[in-house]
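# Geometric and topological summary
If you want the building blocks of each chain, they are given just below.
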Amino acid sequence: MSERSSSPELGPAHSPVREPGRQRALRAARQALRVLAVELGTPTEPGTPLLGTVRSRWLRRLPYVVAFGFAVSLLPTTINVLRNDYGLSGTLTGGLATAQTVPLLLAVTRPLQAWWVIFAADVLGAVALLGADGVAGRAWPWPPMTIVGYLALMLALSLRERRRTLTAVWLTTGVAGLLSGMFTPDGSNSTWVLLFVLTGVMLMMGATLRERGDAQRKLIEQETISEAERAHRTLLEERARIARELHDVVAHHMSVITVQAASAPYRLSGIPREAEDEFGAIAATARESLAEMRRLLGVLRSEETEQHSGPEKTPQPGIGMLPKLVEGTVRAGVPVELALPEEPVALEPAVDLSAYRIVQEALANVVRHAPGARTRVSVTVTADGARLTVLVVNSAPSAPSAPLETTGTGHGLIGMRERVRLVDGSLDTGPLPDGGFRVAARLPLSPPPSAASSLSAKDSHSV
């Protein structure tokens, strides 16, 4: 009675505990198999050749050459070993050898699909060798040529697929080898552990090489993006610099307009009342425009200038200050010859400033990159009197000396182009056959009024 009564008590107490545990185990196993099937059935970039993105044509062809070499060498070797050493029939030997080696050519573009074919052929080959007469004393389930071909396939696979897929392939290989251990023929040498270990090593090495290559490519892409952003930032900084200088020029003209309009009723007698009101409106509009321009372009001033030193009060330079600039460059160790027009040239402030800045940037580049090079600066007016030509030519340094800077910030040439564009001119720069450098700018003596005003507005909004 006691035994009969105790069993119903134990059954309900233990069955609820065992059943959920089995369900969890089955659910985990199904999920693992589902993940394994997805990873083994979803190739990465099918059809894309290995090393297909490299620039060298020879490196792009290398995977095809290696795959062809393995296939050509392993096919006759596999046929010979299976037929003569293991004693398999000729038809079966040819089919297995072809299925185990020829798909290596497919591994160049579709390594995961090639693995399915070769892995299935290797398993069928192991099953076929169970009934062969020459298995005793030889490797089983993976003969030596099978191991070599499989490792070559693992290298191609690791260079293409992600780590989860490689892990699934490695585990599948281990499970197949572990199951084969239950049917090992007597006297044979088991090789499934050797293949399992070598496969893991090969997959790890290939994955490491692939990830390192991916990291280098991403680094190069990031450097390219950074270089583009740096060039864009340099352009904006140079535009801001030009806009700050242009602000002083435009502010001077606006101030003159304001003063002339406001003082016109006092300077000119007999002006009608309507004209006085019109002059007053012009003066008020000019003052409002000047104040608005200063507010918009005030953001272009550096924080230190605005908070500590106040507005810049130094007059803007022009070609009349080039002798002083050349004198300072000569003191820096660069022999410079200067040629200016014999007669004074009346230049617009924007053209005068642009010409000076172009010479200044060109001489600064000579000091930085070609110290000691003989340099000639020429400022002339064209025969038709419509354009100003600024030419700065330096030769190669007479004595070999290391440049003060091997890489530039990019401000020099970008600044020259922006200043030339400001006044609707043209710029030509480039190296000379003797190792020197040439900067040639052609600036109109009277730039279109719309050019300076439109650029000023564009620069203030872009910055």
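In this text the structure is predicted, and so the values were computed from the model without any measurement.

Contact geometry for helix H4 (residues 111–129) and helix H5 (residues 144–158): axes closest at 10 Å, N-to-C directions at 160°. Relative to H5, the element H4 lies roughly antiparallel. For the pair H4 and H5, the crossing hand works out as left-handed. Along the contact surface, H4 presents Pro111, Leu112, Ala114, Trp115, Ile118, Phe119 and Asp122, while H5 presents Thr146, Tyr150, Leu153, Met154, Ala156 and Leu157. Residue composition of the contact of H4 with H5, by class: eleven nonpolar, one polar and one charged.

What follows is about unusual backbone geometry. The step from Trp140 to Pro141 runs through a cis peptide bond, and the omega angle for that step is 5°. Locating Pro141 in the fold gives a position in the loop between strand S1 (139–140) and H5. Non-glycine residue Leu51 carries a positive phi angle of around 60°. By secondary structure assignment, the location of Leu51 is in the loop between helix H1 (2–41) and helix H2 (57–85). Look at Leu51 and you get partly exposed, because its relative accessible area is 38%. Even without being glycine, Asp424 reaches a positive phi, approximately 65°. The residue Asp424 is located in the loop between helix H12 (411–422) and strand S6 (426–431) in this model. Classification of Asp424 as partly exposed rests on a relative accessible area of 44%.

Time to look at H5. For H5, with 15 residues, the first-to-last C-alpha span of 21 Å sits near the 21 Å given by 1.5 Å per residue. Counting buried positions along H5 yields twelve of 15 residues, so the element is predominantly enclosed. Taken as a whole, H5 has its buried residues at Met145, Thr146, Ile147, Gly149, Tyr150, Leu151, Ala152, Leu153, Met154, Ala156, Leu157 and Ser158.

Another aspect to go through is the packing of aromatic side chains. Enumeration over the complete set of coordinates arrives at three aromatic pairs. Taken together, a centroid distance of 5.2 Å and an interplanar angle of 70° make the contact between Trp115 and Trp116 edge-to-face. Looking at Trp115, the relative accessible area reads 0%, which means it is buried. Relative to Phe196, the ring of Trp170 has its centre 4.5 Å away and its plane inclined at 10°; by these criteria the two rings are stacked. Of the two residues, Trp170 is situated in helix H6 (residues 163–180) and Phe196 in helix H7 (residues 192–267); the sequence distance between them amounts to 26 residues. Grouped by ring-pair contacts, the aromatic residues Trp115, Trp116 and Phe119 constitute a single cluster. Residue placement shows Arg57 over the ring face of Trp58; its charged tip is 5.3 Å from the ring centre. Over the ring of Trp58 we find Arg61; its NZ or CZ atom is 5.8 Å from the centre of that ring.

Conventions used here
- Residues numbered from 1 in each chain as written.
- Predicted model: local features only at pLDDT ≥ 70, side-chain atom pairs only at ≥ 80, totals over all residues.
- Heavy atoms only, no water.
- Axes fitted to C-alpha atoms, helices over the stretch in contact; angles between N-to-C directions.
- Helix = DSSP H or I, 4+ residues; strand = E, 2+ residues; numbered from the N terminus.
- Parallel < 35°, antiparallel > 145°, perpendicular 65-115°, else oblique.
- Left-handed = near helix turned anticlockwise from the far one by under 90°.
- Contact = heavy atoms within 4.5 Å.
- Nonpolar A, V, L, I, M, F, W, Y, C, P; charged D, E, K, R; others polar.
- Buried < 20%, exposed > 50% of the residue type's maximum accessible area, 1.4 Å probe, protein only.
- Expected span 1.5 Å × (residues − 1).
- Phe/Tyr/Trp six-rings, centres within 6.5 Å; stacked < 30°, edge-to-face > 60°.
- Lys NZ or Arg CZ within 6 Å of the ring centre and 35° of its normal.

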